[in-house]
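One-letter residues, chain by chain:
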Amino acid sequence: MYLIKRKITIVLFRIKFWIGRYDGLFFLVYSAISPGLRCHFVAPHKAIVIEGYPRSANTFSSLAFKHSNSDKIIASHLHSQAQIIRGFKLNIPVLMLIREPEQAIRSVLVRRPELSAKAAIFAYIRFYEDTVPYIPFIVVATMQEATADFGGIIQRINAKYGTTFYEPIVDIKFRERIFSEISFRNKSKLLTHSQSPNVDREELKRDIRLQTIEVELVRARELYENILALSTSPN
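Throughout this description, residue numbers start from 1 for each chain and increase along the sequence as written. With the structure being a predicted model, the display of local features is reserved for residues of pLDDT at least 70 and the display and counting of side-chain atom pairs for 80 or more, all residues being used for whole-chain, interface and lining totals. The basis for every side-chain value is the complete set of heavy atoms in the structure, and neither hydrogens nor water enter the calculation.

Considerations on the overall build of the protein chain
Right, so step 1: Under the scheme used here, helices are H or I runs from DSSP no shorter than 4 residues and strands are E runs no shorter than 2 residues, and both carry numbers assigned from the N terminus. When helices and strands are counted, the protein chain shows eleven helices and four strands.
Right, so step 2: This radius of gyration counts C-alpha atoms alone. The globule rule is 2.2 Å times how many residues there are, raised to the power 0.38. A compact globule built from 235 residues should have a C-alpha radius of gyration of about 18 Å, and the protein chain, at 17 Å, falls within 12% of that.
Right, so step 3: Structurally, the protein chain occupies a C-alpha span of about 50 × 40 × 35 Å along its principal axes.
Right, so step 4: Buried positions account for 49% of the 235 residues belonging to the protein chain.
Right, so step 5: Restricting the contact set of the protein chain to residue pairs at least 6 apart, pairs at least 24 apart contribute 75%.
Right, so step 6: If you sum the accessible surface of the protein chain, you get close to 11,900 Å²; carbon and sulfur atoms cover 59% of it.
Right, so step 7: His is not counted, nor are the chain ends, whereas Lys and Arg count as positive and Asp and Glu as negative. Working definition for charges: the position is that of NZ of Lys, CZ of Arg, CG of Asp or CD of Glu. Positive and negative charge centroids in the protein chain, built from 33 and 22 side chains respectively, lie 7 Å apart. Throughout this description, buried means an accessible area under 20% of the type-specific maximum (1.4 Å probe, protein chains only), exposed means over 50%, and partly exposed covers the range between. A contact between two residues is defined here by any heavy atoms of the two lying within 4.5 Å. Note on areas: these come from Shrake-Rupley sampling with a 1.4 Å probe, and a residue is covered only by the protein chains present in the view.

Below, the structure is given as structure tokens:
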């Protein structure tokens, strides 16, 4: 029974990232099967889209933005490229988060051990390949940038879109406040579900074996570097 459930989970995970390329189809399907997620959908009244592959500082970034701009509504946490594509179409500011692929995959597999490495890397590549055409029109930030200098990211967003979002000063106290709230929200209290830095969790990540996706990781690393290069080149 477990193997059957795992196979179904993997198939559904792949389908989510496969249909994410087609924003109309994605939102139609998810409106029907997960109506509770509609509050996360990008829409004309949302101030900004903050999205990325899972485990790429999505929660930190959303909370950091909310702490600094409490009156603004965010579209986030669907972990789908459809959000980025629809945000572009609606002319809404988009912040796309990205993390080095091997670290992202390891973190996802610790959080969701029922997934396969093949499914996780498929989703990573599909997500970011589909966003490449939109890179000149959005703001891209790495996980490290998001947690170290979120104020600088907001500055880039304001410069690109002509917005006036408040730029927080991300010092030690600010980061501690955000990570404290993240820990509080981690209702499961499981180490594998932690979204804050944790030495024991890093050990779990190192134990993940990725030999079956070595070829795909090369492609993912090239994609990662290409996106960073595109995001910093003059438009």
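Points about the side chain of S76
Right, so step 1: For S76, the location among the structural elements is in strand β2 (residues 74–76).
Right, so step 2: On the accessibility criterion, S76 (7% relative accessible area) is buried.
Right, so step 3: Side-chain polar atoms of S76 contact the side chain of H77, separated by 3.2 Å.
Right, so step 4: When sequence neighbours within four positions are dropped, the list of residues in contact with S76 reads H40, I50, E51, S62 and Q83. As used in this structure description, the phrase polar contact means that two N or O atoms lie within 3.5 Å; if the pair is within protein, one of them must be able to donate a hydrogen and the other to accept it, and residues adjacent in sequence are counted only when both atoms belong to side chains.

With respect to the sheet that holds strand β3 (residues 94–98)
Consider a sheet: its strands pair through backbone hydrogen bonds, and that pairing is either parallel or antiparallel.
Right, so step 1: Paired strands are those between which DSSP finds at least two bridges. A sheet is described by the order of its strands in space; here four strands give the open sequence β2-β1-β3-β4, paired in parallel fashion. Only two strands of the sheet have a single partner each, and these edge strands are β2 and β4 (139–142). Averaged over all pairs of adjacent strands, the angle between their axes in this sheet comes to 20°, without regard to strand direction.
Right, so step 2: Bridging between β3 and β4 involves four bridges; their strand directions are parallel. Bridge assignment links I98 to a residue of β4, and that residue is T142.
Right, so step 3: Docked against the sheet, helix α8 (residues 150–161) engages β1 (48–52), β3 and β4, running at close to 170° with respect to β4. Geometry is summarised by axes, namely lines fitted to C-alpha atoms with helices restricted to the contacting stretch, and by angles between N-to-C directions that run from 0 to 180 degrees.

Let's talk about unusual backbone geometry
Right, so step 1: Unlike most non-glycine residues, R55 shows phi in positive territory, near 65°.
Right, so step 2: Relative to the elements of secondary structure, R55 occurs in the loop between β1 and α3 (58–68).
Right, so step 3: On the basis of relative accessibility, which here comes to 14%, the residue R55 falls in the buried class.
Right, so step 4: Phi angles above zero are rare outside glycine, and H77 is one such case at about 65°.
Right, so step 5: Mapped onto the secondary structure, H77 falls in the loop between β2 and α4 (81–89).

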